[in-house]
Amino acid sequence: MVHHGICIKINTNYNNPYFLAFSKIITFIKMKKIVLIACVLLGLAACKNSGDGQLVGVNNKTKFVSFTPYGMVYIPTGHVLLGGGESDPTLAFAPQPRPVSITHFWMDETEITNNKYRQFVYWVRDSIAHHLLADVTDGKNGHLRKDKKSGEVFDPPLVNWNEEIPWNSADEDIQQALSELRNSISTRYYHYRPLGINAARLNYEYWTFDYEAAAKKEKAGSEIGGMFANRPSQVSGNLDKFIKREITNVYPDTLVWIYEFTYSDNEFMTRNYFSHPQYNHYPVVGVNWVQAQAFCHWRSQLRNSWLLSRGYPIEEDFQLPYEAQWEWAARGGLPGNPYPWGGPYPSNQNGCFLANFKPQRGNFVADGSLYPAVVASFDANDWGLYDMSGNVAEWCKDTYSPSSSGFVSDMNPAYRYKALPDDPAGKKMKVVRGGSWKDISKYITVYYKDYQYQDTCTSYIGFRCIQPAMVNPKEANKGSGSKIYR
Ligand SMILES: [Ca+2]
Ligand SMILES: [Ca+2]
């Protein structure tokens, strides 16, 4: 039974990502029922706040608050020519130039750092520990929340995050329970591995909903038929089939520093880069595309459970940027330039390099750093984004195709393909942008497009998130010519 090996993350008082995930799923599943209930409720509301029988819309009781996400900057809506043709028509790897329009969003001002990624790893570790301990001890208030009425643990279980984890308890039962999370003594050789935790046990479990599949219209006559024929599944059918369970091990691959570089000694990077405090604010690497996706999911649930617990509406989920979003943001409002700082050169007029890469003829350190540098070591672009060129290359959400700029939409372009386990490797390639500490100057341009397999970790690819931006209604309605909407 793998009950505890899998991370079921449930928080207290709605502080639980899974509570939220379940809520969303249940909402979808019960959509039809909700529609019926909503009709009745709206009818009642209309009686109570009749608006003198006029059409006034419903009274939205949930207060909208527009937060600036911590560590993120605003990227405006705009229109841009993407691709490298305008400045370097000979560049073999530049996508075909394409004018596109893109909706505004928030974007992390830096790459995700080791310390921020550790928050994810520790959260998964602690969640599993709470589940393991629940079998042997209640602790002070219980490792899992109980229904106040029945005294029973919720199903699915909800973690009580206020309960302490007695990592150093002398109690044998407690240590026996926690041993499932720990390395055997013979494998506890890594420095700074927190409490000898077995990284292989740190699995994060979550659910995704396939909107694209659900949006496909069904054939006339199916299920409801008649006047509802050709409605998407959301209205006409069961949504269970679009919900998918994902389980991802979250620990970065620290051995990338060894197997990527033969005849080179980088073992100290393997031992220290992810876990030593010196590297707290360096970009996390050794995280593949699938892990980056799981991080985005976890970050969304962390945020939304906090908002829900305080009565705010939830926000859009964090996600990896699509490559068009990434490039639009990297250009920072300076169209026609190969670098985020504008101009055709990777250095300024004083000869100082403007990013962490591999300058000149392979002189890694000419810019000040041999390996990845602490994030934001160089100036931000005009929109406040650091290290869009170099440092670590960054995962994008899109599936890779060298010709995708020719067929994606000119409105918020996105090339999505959810690779199946049996798909050939070619279908599991994802877009990587920005170049890295080990690339020469032409590969750190805003339009250079690279790829990596979604399940492959490297020492030079990290990521940052975006979050679709919601506009405060007062701002959104400013442009309305009608006085009743301002
Ligand atoms: Ca460098
Ligand atoms: Ca970067």
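Enquirer: Break down the overall build of the protein chain for me, citing the residues and quoting the values.
Expert: Looking only at helices and strands, the protein chain features 11 helices and 12 strands. Counting across all 486 residues of the protein chain, residues that qualify as buried make up 38%. In the protein chain, of all internal contacts separated by at least 6 residues, the share reaching a separation of at least 24 is 70%.

Enquirer: Quick rundown of helix α10 (residues 323–331)? Include the residues and the values.
Expert: In terms of burial, α10 is largely enclosed, as 9 of its 9 residues are buried. Of the positions making up α10, those classed as buried are E323, A324, Q325, W326, E327, W328, A329, A330 and R331. Two residues or fewer past α10, G332 is found with a positive phi of approximately 55°.

Enquirer: Help me get a handle on the pairing of strand β9 (residues 429–433), residues and values and all.
Expert: Counted residue by residue, β9 has 5 buried out of 5 residues, so it is predominantly covered. In this structure, strand β8 (residues 393–399) lies alongside β9, joined through 3 bridges in antiparallel fashion. Looking at the pairing, W395 lines up with V432 of β9. Pairing geometry for β9 and strand β10 (residues 449–453), over 5 bridges, is antiparallel.

Enquirer: Please give an account of the confidence of the model for the protein chain that cites residues and values.
Expert: Residues with a pLDDT of 70 or more make up 80% of the protein chain, whose mean pLDDT is 83. For the stretch residues 1–47, pLDDT sits under 50, and the model shows 80 contacts to residues farther than four places along the chain or on other chains. In the model, residues 224–229 has pLDDT below 50 throughout and makes 6 contacts with residues more than four positions away in sequence or in other chains.

Enquirer: Help me get a handle on the nonpolar core, residues and values and all.
Expert: Counting residues in each nonpolar core, the largest one holds 87 residues, and the members touching the most others are M107, F120, V124, V250, A292, A329 and W395. For this core, the element with the highest residue contribution is helix α3 (residues 114–134), accounting for 10 residues. When we break this core down by domain, the ones giving at least three residues each are domain 2 (66–113 + 255–290 + 304–486) and domain 3 (117–196). Setting aside residues up to four positions removed in sequence, V250 forms contacts with F120, V121, V124, L202, Y204, Q291 and A294.

Enquirer: Any details on unusual backbone geometry? Residues and values, ideally.
Expert: Cis rather than trans, the peptide bond between D155 and P156 has omega equal to 0°. Following the sequence through the fold, P156 ends up in the loop between α3 and α4 (172–178). Of note in this structure, A376 is not a glycine but carries a positive phi near 65°. Among the structural elements, A376 can be located in the loop between α10 and β8.

Enquirer: Describe the environment of L354, and please don't skip the residues or the numbers.
Expert: Tracing the sequence through the fold places L354 in the loop between α10 and β8. Spatially, the C-alpha atoms of L354 and P340 are 9.6 Å apart, while their sequence positions differ by 14 residues.

Enquirer: Give me the sheet that holds β10: which residues, what numbers.
Expert: Taken together, 4 strands build an open sheet; the order of strands is β10-β9-β8-β11 and the sheet is mixed. In this open sheet, the two strands that pair with only one neighbour each are β10 and β11 (461–462). Summarising the sheet, β8 and β11 pair through 2 bridges and their orientation is parallel. In the sheet register, E394 faces β11, and the bridge partner there is G462.

Enquirer: Residue-level account of the sheet that holds strand β12 (residues 466–468), with values.
Expert: Strand order in this open sheet of 3 strands is β2-β5-β12, and the pairing throughout is antiparallel. Two strands lie at the open edges of the sheet, namely β2 (72–75) and β12, each paired on one side alone. Within the sheet, the average angular offset between the axes of one strand and its neighbour, ignoring direction, is 25°. Two elements, β2 and strand β5 (residues 105–108), share 4 bridges in a ladder whose sense is antiparallel. Residue pairing across strands places Y74 opposite W106, the latter belonging to β5.

Enquirer: Help me get a handle on helix α9 (residues 289–309), residues and values and all.
Expert: It helps to recall that an α-helix has 3.6 residues per turn; residues three or four apart then point in one direction. Here α9 spans 30 Å end to end across 21 residues, near enough to the 30 Å set by a 1.5 Å rise per residue. The element α9 is extensively covered by neighbouring structure, given that 15 of its 21 residues are classed as buried. Once α9 finishes, G311 follows within two positions and takes phi at roughly 80°, a positive value.

Analysis parameters
- Residues numbered from 1 in each chain as written.
- Chains lettered and ligands numbered in written order.
- Predicted model: local features only at pLDDT ≥ 70, side-chain atom pairs only at ≥ 80, totals over all residues.
- Helix = DSSP H or I, 4+ residues; strand = E, 2+ residues; numbered from the N terminus.
- Buried ≥ 20, exposed ≤ 12 C-beta atoms within 10 Å, placed from the backbone.
- Contact = placed C-beta atoms within 7 Å.
- Pairing = 2+ DSSP bridges.
- pLDDT = per-residue confidence, 0-100.
- Core = buried A, V, L, I, M, F, W, Y, C linked by C-beta atoms within 7 Å.
- Domains from an automatic or database assignment.
- Axes fitted to C-alpha atoms, helices over the stretch in contact; angles between N-to-C directions.
- Expected span 1.5 Å × (residues − 1).

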